[in-house]
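Letter by letter, the chains look like this.
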Amino acid sequence: MSRRLVFAHRGASGSRFENTLSAFSAAVQQRADGIELDVQVTADGIPVVVHDEDLVRVAGIRRKVSDMYASELQNIRVGKRFIRSLFGHPIPTLREAISFCAINQLALNIELKASVAENCSILEEIIDMSSLLDNVHISSFDVTLIQQIKTLHPQMETALLLRKKTTDWDSLHRYTFADGFHFHKRLYKEPYLSKLEASGKRLRVYGVTGNEPFVHSPSAAVVGWITDFPQRFS
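No experiment lies behind these values; they were computed from the predicted model shown. (Residues numbered from 1 in each chain as written. Predicted model: local features only at pLDDT ≥ 70, side-chain atom pairs only at ≥ 80, totals over all residues. Heavy atoms only, no water.)

*Asks:* Talk me through the overall build of the chain; I want residue IDs and the actual numbers.
*Replies:* The number of helices and strands found in the chain is eight helices and 13 strands. Scaling as 2.2 N^0.38, a compact globule of 234 residues should have a C-alpha radius of gyration of about 17 Å, and the chain matches this with 17 Å. Viewed in the frame of its principal axes, the chain has a C-alpha envelope of about 50 × 35 × 35 Å. Per-residue burial over the chain gives 53% buried out of 234 residues. (Helix = DSSP H or I, 4+ residues; strand = E, 2+ residues; numbered from the N terminus. Rg over C-alpha atoms; globule rule 2.2 N^0.38 Å. Buried < 20%, exposed > 50% of the residue type's maximum accessible area, 1.4 Å probe, protein only.)

So this is what it looks like as structure tokens:
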């Protein structure tokens, strides 16, 4: 049985501030196999690495990323203001993150967020940039985005993020545009697990800490873990 790849969730976000080059560097130090990151798009069409639609939580600024130009974001620092080691980080562009992964020979899981769905013309650029890596896949909760990725580039690996209430659990075979399913560890149980296994998709589980019993004897269908704590899996 092949080893499951460990993806550092927003970088090693258990010890560094999420979605920053600092968190990505920590992931390398903690022997992660890959990075999971989030992509939003600026007003001038630049894909940047940030989770939320706005900057309130990460920088205390009440503005949406999609309303700002990339040049404005360059001057903003994110982090936890009262913890010196977790503050003062720039927001990376997706191109910078991809270059980092290429240099460090990391796999990459790119999760597309809401502003990408509002600016689908950027998809081809994201695919082109991503294709520079040997091991990359694109994921999203947005079904339409994943369908569009597969139409534009059939060879690009795609993964659909599943929600308990909105997923058609009895018809997982209909998600033909998704090569894999990503799901929270809360769904690693019946009746969901057997249906996921039967789907034939590549399964990756997020929200894992490394302390879960199933991590030590996982389903054969699971190909990866997405975690804040990659060092616990090495």
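*Asks:* So what about the packing of aromatic side chains? Which residues, and what values?
*Replies:* Across all of its chains, the model carries seven aromatic pairs by this definition. An angle of 90° between the planes, with centres 5.9 Å apart, marks the rings of tyrosine 175 and phenylalanine 181 as edge-to-face. Taken together, the ring pairs connect Tyr188, Phe214, Trp225 and Phe233 into an aromatic cluster. Geometry around phenylalanine 141 places arginine 163 over its ring, the cationic atom sitting 4.1 Å from the centre. (Phe/Tyr/Trp six-rings, centres within 6.5 Å; stacked < 30°, edge-to-face > 60°. Lys NZ or Arg CZ within 6 Å of the ring centre and 35° of its normal.)

*Asks:* I'd like to hear about the environment of histidine 89, residue by residue, with values.
*Replies:* Looking at the secondary structure, you find histidine 89 in strand E7 (residues 89-90). Each C-alpha atom, one on histidine 89 and one on asparagine 19, is 9.5 Å from the other, the two residues being 70 residues apart in sequence. Setting aside residues no more than four positions away along its own chain, histidine 89 makes contact with Phe17, Thr20, Ser22, Ile76, Arg77 and Val78. (Contact = heavy atoms within 4.5 Å.)

*Asks:* Describe helix H4 (residues 94-103), naming the residues involved and giving the relevant values.
*Replies:* Working note: α-helix, 3.6 residues per turn, so residues spaced by three or four point in the same direction. Of the residues making up H4, those classed as buried are Leu94, Ala97, Ile98, Phe100 and Cys101. Taken down its axis, H4 places every buried residue within 155° of arc, on the same side. Against the buried residues of H4 lie helix H1 (21-29), strand E2 (34-41), strand E3 (47-49), strand E8 (107-112) and helix H6 (123-130). In the segment just after H4, glutamine 105 is the residue with positive phi, at about 55°. (Arc of directions from axis to C-beta.)

*Asks:* Quick one: what's the story with the nonpolar core, residue by residue and with numbers?
*Replies:* In this structure, Ile35, Leu37, Leu108, Ile110, Leu112 and Val116 are the most contacted members of the largest nonpolar core, which totals 32 residues. Secondary-structure elements contributing two or more residues to this core are H1, E2, H4, E8, H6, strand E9 (136-140) and helix H7 (143-152). By residue number, the principal contributor to this core is H4, which donates five residues. Each residue touching leucine 108, except ones within four places of it in the same chain, is listed here: Phe7, Ile35, Leu37, Ile98, Cys101, Leu133, Asn135, Val136 and His137. By size, the runner-up hydrophobic cluster in this structure holds 25 residues, among which are Trp169, Phe177, Trp225 and Phe233. (Core = buried A, V, L, I, M, F, W, Y, C linked by side-chain atoms within 4.5 Å.)

*Asks:* Lay out H1 with the relevant residues and their values.
*Replies:* All of the buried residues in H1 are Ala23, Phe24, Ala26 and Ala27. Along the axis of H1, the buried positions cluster into a sector of 160°, meaning they face one direction only. Among the structural elements, strand E1 (5-9), E2, E3 and H4 are those in contact with the buried residues of H1. Immediately beyond the C-terminal end of H1, within one or two residues, lies arginine 31, with a positive phi of roughly 65°.

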